[in-house]
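# Descriptive analysis of the structure
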Amino acid sequence: MNILKVLLISAIYLAPLSSVLASDHQNHIDSTPKTIVVQGNASVTVEPDQIQFVIGVDARAPTAGAAYKEVEQKMQQIMAQLNKFDIPKKDIQAMDLSISPVIDYERQRKIIGHDARRNIAIRLMVIDQYADIMESLGQLDVLRFENVQLASSQQEALSLQALEAAYNNAEQKAKLLAKASGRQFVGLIDLKEQGSRVAPVFKARMAMSSNESSATTSKGSIGVESNITATFEIQ
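Residues numbered from 1 in each chain as written. Predicted model: local features only at pLDDT ≥ 70, side-chain atom pairs only at ≥ 80, totals over all residues. Heavy atoms only, no water.

## Notes on helix H4 (residues 155-180)
Spelled out, the test is: Each helix is a run of H or I in the DSSP string that is no shorter than four residues. Each strand is a run of E no shorter than two, and both are numbered from the N terminus. Helix span is expected to be 1.5 Å times the residue number reduced by one. Burial here depends on accessible area, computed with a 1.4 Å probe over protein chains only, as a share of the maximum for the residue type. Under 20% is buried, over 50% is exposed, and the range in between is partly exposed.
With 26 residues, H4 should reach 38 Å at 1.5 Å per residue; the first-to-last C-alpha distance of 37 Å fits that figure. Of the residues making up H4, those classed as buried are Leu 158, Ala 162, Ala 166, Ala 170, Ala 174 and Ala 178. Looking one or two residues past H4, Gly 182 carries a phi angle of roughly 80 degrees, positive in sign.

Dropping the structure here:
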């Protein structure tokens, strides 16, 4: 049998196999679902009924021990004032203490004193107490009011509402795009939550200057935002 006959016979037997493989490949392509990927976003707003903030206490003294003692004395004064507002103990947390040297770099890096700092984290279930607390503590020396955050006691339920609304938003977008492209919307294939956050919608005003006799508070509102990525099948 010469080489020409061998090639001819091989071609005859392999041709059907090639057709089958090509057909399987085409069927695989046809069976792969066509998809569309969209982002879903939603926000649910509510009036806050809680507030969290940090009170900072600072002191400077010639020695680290003296600075620490002064900070602790101010802490005791603050705690005595806070006790007047019947705040649950679990909502008042004395936080980190830091003591650092004060260095005069113009005098050959000489240590001229020590700074001590300590923070108190507070959560109030009655927002209106915030102004009264600021007014009460504003008379003490070297106080900082920081990290003021509004919150809601219904935050978990609001997060779920925002998540559901985000999905509805994604599905609405997918249906709209499917219709615009001449396709038929089938249904959800994959879903990924991108997270949620609480953001002020109308930021509250809570401040007091040294010349004011009272503090002012404006609650505003907060929004619980949710974001998802959804993959839908279309035909």
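## Looking at the nonpolar core
So the rule is basically this: Buried Ala, Val, Leu, Ile, Met, Phe, Trp, Tyr and Cys residues form a nonpolar core when they are joined through side-chain atoms within 4.5 Å. Residue contacts are counted whenever heavy atoms from the two residues lie within 4.5 Å of one another.
If you look at the biggest cluster of nonpolar residues, it comprises 30 residues, and the most contacted ones within it are Leu 82, Ile 87, Ile 122, Leu 124 and Ile 133. Sorting elements by how many residues they give to this core places strand E2 (residues 50-61) first, with six residues. Setting aside residues no more than four positions away along its own chain, Ile 122 makes contact with Ile 51, Gln 52, Phe 53, Ile 55, Leu 82, Ile 87 and Asp 91. If you look at the next biggest cluster of nonpolar residues, it comprises eleven residues, including Ala 42, Ala 174, Ala 230 and Ile 234.

## As for the packing of aromatic side chains
Definition in use: Under the pairing criterion, centres of Phe, Tyr and Trp rings, with the six-membered ring standing for Trp, must be within 6.5 Å; the plane angle then separates stacked pairs below 30 degrees from edge-to-face pairs above 60, leaving the rest tilted.
Tallying each qualifying case throughout the model produces three aromatic pairs. Measuring from centroid to centroid gives 6.2 Å for Tyr 167 and Phe 232, while their planes differ by 45 degrees, and the two rings are tilted. Placement of the pair is Tyr 167 in helix H4 and Phe 232 in strand E9 (residues 221-234), with a sequence separation of 65 residues. Look at Tyr 167 and you get partly exposed, because its relative accessible area is 23%. Owing to a relative accessible area of 0%, Phe 232 belongs among the buried residues under this scheme. Ring plane angle 45 degrees and centroid distance 5.3 Å describe the contact between Phe 185 and Phe 232, whose orientation is recorded as tilted. Of this pair, Phe 185 sits in strand E6 (residues 185-202) while Phe 232 is found in strand E9, placing the two residues 47 residues apart along the sequence.

## Looking at the sheet that holds strand E4 (residues 110-124)
Pairing between the strands of a sheet is mediated by backbone hydrogen bonds and can be parallel or antiparallel. Our working definition: Two strands pair under a simple rule: DSSP has to find at least two bridges between them. All axes here are fitted lines through C-alpha atoms, helices being fitted over the stretch that makes contact, and every angle between N-to-C directions spans 0 to 180 degrees.
Taken in spatial order, the four strands of this open sheet run E3-E4-E2-E5, and their pairing is antiparallel. Only two strands of the sheet have a single neighbouring strand rather than two, namely strand E3 (92-104) and strand E5 (143-151). The sheet shows a mean angle of 15 degrees between the axes of neighbouring strands, direction not considered. Pairing of E2 with E4, which is carried by eleven bridges, proceeds in the antiparallel orientation.

## Observations regarding unusual backbone geometry
With a phi close to 55 degrees, Asp 86 is a non-glycine residue in the positive phi region. Classification of Asp 86 by relative accessible area gives exposed; the value is 70%. Positive phi is not limited to glycine here, since Asn 147 has a value of about 50 degrees. Judged by its relative accessible area of 55%, Asn 147 is exposed.

## Some words on the side chain of Arg 118
Spelled out, the test is: By the criterion applied in these results, polar contacts are pairs of N or O atoms within 3.5 Å in which, for protein atoms, one can donate a hydrogen and the other can accept it, and in which residues neighboring in sequence qualify only through two side-chain atoms.
Position of Arg 118 among the secondary structure elements: in strand E4. What makes Arg 118 buried here is its relative accessible area of 18%. For Arg 118, the side chain forms a polar contact with the main-chain oxygen of Met 95, separated by 3.1 Å. Those residues within four positions of Arg 118 in sequence are excluded, and the remaining contacts are Ile 55, Gly 56, Val 57, Val 71, Glu 72, Met 75, Ala 94, Met 95, Asp 96, Leu 97 and Arg 144.

## A few points about the side chain of Arg 144
Relative to the assigned elements, Arg 144 resides in strand E5. Only 3.4 Å separates the side chain of Arg 144 from the side chain of Asn 119, close enough to count as a polar contact. Sequence-distant contacts of Arg 144, defined by excluding residues within four places in its chain, comprise Val 54, Ile 55, Gly 56, Val 57, Asp 58, Arg 117, Arg 118 and Asn 119.

## Some details on a nonpolar patch on the surface
Counted only if it meets this: Here, patches come from residues exposed beyond 30% relative accessible area and free of salt bridges, joined within 9 Å for like charges and within 5 Å for nonpolar side chains (Val, Leu, Ile, Met, Phe, Trp, Tyr). The accessible surface values rely on the Shrake-Rupley method and a 1.4 Å probe; as for residues, cover is taken only from the protein chains in view. The salt bridge criterion pairs a side-chain nitrogen of Lys or Arg with a carboxyl oxygen of Asp or Glu, the two atoms within 4 Å.
Taken together, the side chains of Tyr 68, Leu 97 and Ile 99 define a hydrophobic patch exposed on the protein surface, amounting to about 250 Å² of accessible area. Along the chain, Ile 99 falls in strand E3.

## Structural notes on the pairing of E3
Here eleven bridges tie E3 to E4, and the two strands are oriented antiparallel to one another. Each bridged residue has a counterpart across the sheet, and for Pro 101 the counterpart in E4 is His 114. Connecting the antiparallel pair E3 and E4 is a turn made up of five residues, with Gln 108 showing a positive phi of about 55 degrees.

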